[in-house]
Each structure stands twice: as structure tokens, then as C-alpha cells.
Amino acid sequence: MTLPSQYGKPERLASAAKGTRIQFADGAWALCATSGLWNVNLGYGNQAIAEAITKSLTTASYLTLFRGGHDLAVRTATALLGVCGPEQFGRVLFSTSGGAANDAMMKLVRHYQALHGDERRRVVVGLKGSYHGLTYGSFGLTGEQLGQQVYGVDLRFVRHVDHRDPAELAALFAREGHRIAAVVVEPVLGSGAYPVPEQFIEALGTLRDEHSFLLVADEVATGFGRTGRYFASQSWTVRPDVLITSKGLTNGTCAASAVVVSHDICEVFERADSILVHGETQAGAPSSCAAILATIEEMARLDACVLAAENSVRLDRLVTRLSAHPLVTGHRGAGCFRALELSGRSAEVMAAARRAGVVVQPGPDCIQLVPALTYTAEDFEELEAGIAGALDEVAGC
């Protein structure tokens, strides 16, 4: 996602990271307000997670889940079900990225509908403006226009609706309800930090009762405390049938993701004794499982969801104060996942913030603030000063 002419410049080439800071090849350190790529929820260089990965590599450098399994994967899946909600979810399918997990999910929901005797249900519905990845299947589900036509992405069995327009959702189901296998929702749309309204989720719950599709919560970005709960969908009045997690799952240390599946779906596959035809060489590898287990343990030790709730309040005050600036038109988001809305010039503000020693994430009409859950009060002071200075620089104040 970088122009070839811009790649490799020392001020853009990271060389080290520790806590909430990144060092670049030019020697400068900067405060990270992106949690890496929204995945380093507990800060860079967590010692417990690093030690767990190291131990796993010496105990069993690689074990496969292909046509079998291993003990560490079973223990990891059990721990993951414990934080997702064992009363709702029964099995875990390991994958290697958020995009790959969404690809696997699209196969899963279509296979489930076929086992129900309804192979017509192949359509998967996403939200306009959503981001689910750039692998071939997830690229089609992504609701942003990022060149899908150029790459020949297959969109025949994908639809998108606006999360702000319940009438559009109702019209889609009036036309194609009998063909829809699943609806996939990011609780907060990743590309713009737009929270999906509870009324929209409730409408999906009513439609699910009528049309028997599966509801999928894509929590790649919002999981592991990002919005103040372990998973944002745990605040929904409607429980999802499938939950997808990645990013914070290993605190950004390993290429790992998971598709967490409800008991109801498990029972359909088990009753038919049917195989979901899917496999990835590195999915559920010992090092990834060790990282997941250690991350779950560190989330508990640090009381990370409480930290997230406390830092959400700090962040809310910060964006409220910054909203008084002439370039800022408002703010949105949830928890430690926010966007500062700008009247254009977001790329300029991002560049100015970088010069001020702060790394922020650009958005379509905003800069996004996604700090680690372990941010301190001093970090927030530095963040606010850096962004305020960047806004002043761009505005010519």
C-alpha cells in the first residue's frame, strides 16, 4: 500500500519497537498511535509472549493440523473459547490472517447451508465501507473500492449494504433472502472507525429468525479489548453464529487468526460427519498457539479490558479537545478505536504528525487513533501535543 517511489526511505523504514514506541532507520523514535496495524494491543516487546513463543519453538518447532492435531492447539482452542463465550461457541478453526479467515468463513457458511439442504444460499452480505482483507475471497467481501475490478475479484455471490440504512437491508432480503448464506459485520468499520448502530444489529436478528442466514462478527480489528470488551459483539443483544479474530490475538507477534464457530453450526457438521475442506500449512502452528495462549494470559494479568475502558475515557477527552481545531469537523469510533474527522488534508496531517514524532493511521476523511491498551497518561499527553502541533502546521496557524 505504498508507492514504489516512496518505499525504503530511512524515515519510513522501521528498525525496532518497544512499549508504545517505534524506532526508524534514521535513528528517530516515534510514539505509535496505531498499535502497529491495530494488532499490538499490549505494546511492543511483551516479554511473556516472547518467552512462550521461544519455548514452543524449542519444544516442537512445527506440528500440523492437517488431517490431525496437536495438544497445544487443543489447549489454545479451549482457552480461546473461554474468552469468546463457551456457552455460544463450540469449535475453533485456526487460520493465518484476517483475510484468510474470512475466506475460510465464506466456505464454512456456504457448506453449512448446503448441509441444511439449501445449496441456493451462497450469497454473503457485507457492509459498504467495510474492510475484511485483500486475499481473493475477502477482497470481494471488503466494501471499500480498492481495485477489485482490476484484479478480477469474483463478486457474483457478494452483496453490500449501508449500515446506516435499514431500508436498504430490508430491500435486499425482500429480493434475495432465500439466497443469502450469511451477513458479515465489523462492529466498528475498520477503514473509517464507524460504529455499527445497535438498531442495525437488532434488525439483523429479526431477519435471521425469518431467513435462517448466519450472522458473522468480524472482530479482527475490534477483538482483544480494543473497544473496552474482550469482543465488541459481546455487547450485542443478538449473538453471532461465527466470530473471526486476528490482530490482537497474538499481540501482533505471529501470523495467526481464528474462526470461532457456534454450537449450532458444529452440530450440523457433526450430525452429517462432514469435513470442511480447508487447510493452511501454518495455521495453528505451535508458535502461533503459544502466542495466543500467552496473550490471553497477559490480557488477564494486565486486566487489559479495564485498561481499555480507562484509556477510552482519556481518548474521548483528547478527541473532544482536538475537535475545537478549525481543521477538525468531529470525531467517531468506540473504545480505543477512534477517528478524528478532518475537512480534507488528512494525508498532510498524518505527515506533519510523523514529523512531530507521532505515528497515526490515515482514513478516508480522517486520521485514526488506535493506541495500545497499555498507553499511559504521559503517552496521551504526548499524543495530543503532537496532533495539535500537526493540525496547526497544516492549517498555517
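Predicted model, so just to flag it, every value in this text is computed and none were measured.

Participant: How would you summarise the overall build of the chain if you had to cite specific residues and measurements?
Facilitator: Secondary structure assignment for the chain yields 12 helices and 17 strands. Relative to the compact-globule value of 21 Å for 397 residues, the chain shows a C-alpha radius of gyration of 21 Å, a close match. Over its C-alpha atoms, taken along the principal directions, the chain stretches across nearly 65 × 55 × 40 Å. Of all 397 residues assigned to the chain, the portion counted as buried reaches 53%. Expressed as a percentage of contacts within the chain between residues at least 6 apart in sequence, the contacts between residues at least 24 apart total 71%. Of the roughly 17100 Å² of accessible surface on the chain, a fraction of 54% belongs to carbon and sulfur atoms.

Participant: Lay out the sheet that holds strand β17 (residues 366-369) in plain terms, naming residues and giving numbers.
Facilitator: Spatial ordering of the open sheet is given by β13-β14-β17-β16, a layout of four strands whose pairing is antiparallel. Single-partner strands in this sheet number two, and they are β13 (328-334) and β16 (361-362). Bridge analysis of β13 against strand β14 (residues 337-342) gives six bridges, and the strand direction is antiparallel. For Val 328, the partnering residue across the bridge sits in β14 and is Leu 342.

Participant: Now, about the nonpolar core: what can you tell me, with residues and values included?
Facilitator: Grouped together as the largest cluster of nonpolar side chains are 30 residues, with contacts concentrated most on Leu 80, Val 92, Phe 94, Phe 224 and Val 260. Elements supplying a minimum of two residues to this core: α3 (71-84), β4 (89-95), β12 (257-262), α9 (286-302) and α10 (304-322). Looking at this core element by element, the count peaks at seven residues for α3. The contacts of Phe 94, once residues within four sequence positions are left out, are Leu 65, Ala 73, Thr 76, Ala 77, Ser 257, Ala 258, Glu 280, Ala 283, Gly 284, Cys 289 and Ile 292. Leu 31, Leu 327, Val 349 and Val 360 belong to the second-largest nonpolar core, a separate cluster that totals 25 residues.

Thresholds applied
Residues numbered from 1 in each chain as written. Predicted model: local features only at pLDDT ≥ 70, side-chain atom pairs only at ≥ 80, totals over all residues. Heavy atoms only, no water. Helix = DSSP H or I, 4+ residues; strand = E, 2+ residues; numbered from the N terminus. Rg over C-alpha atoms; globule rule 2.2 N^0.38 Å. Buried < 20%, exposed > 50% of the residue type's maximum accessible area, 1.4 Å probe, protein only. Contact = heavy atoms within 4.5 Å. Areas by Shrake-Rupley, 256 points an atom, 1.4 Å probe, with all protein chains shown as cover. Pairing = 2+ DSSP bridges. Core = buried A, V, L, I, M, F, W, Y, C linked by side-chain atoms within 4.5 Å.

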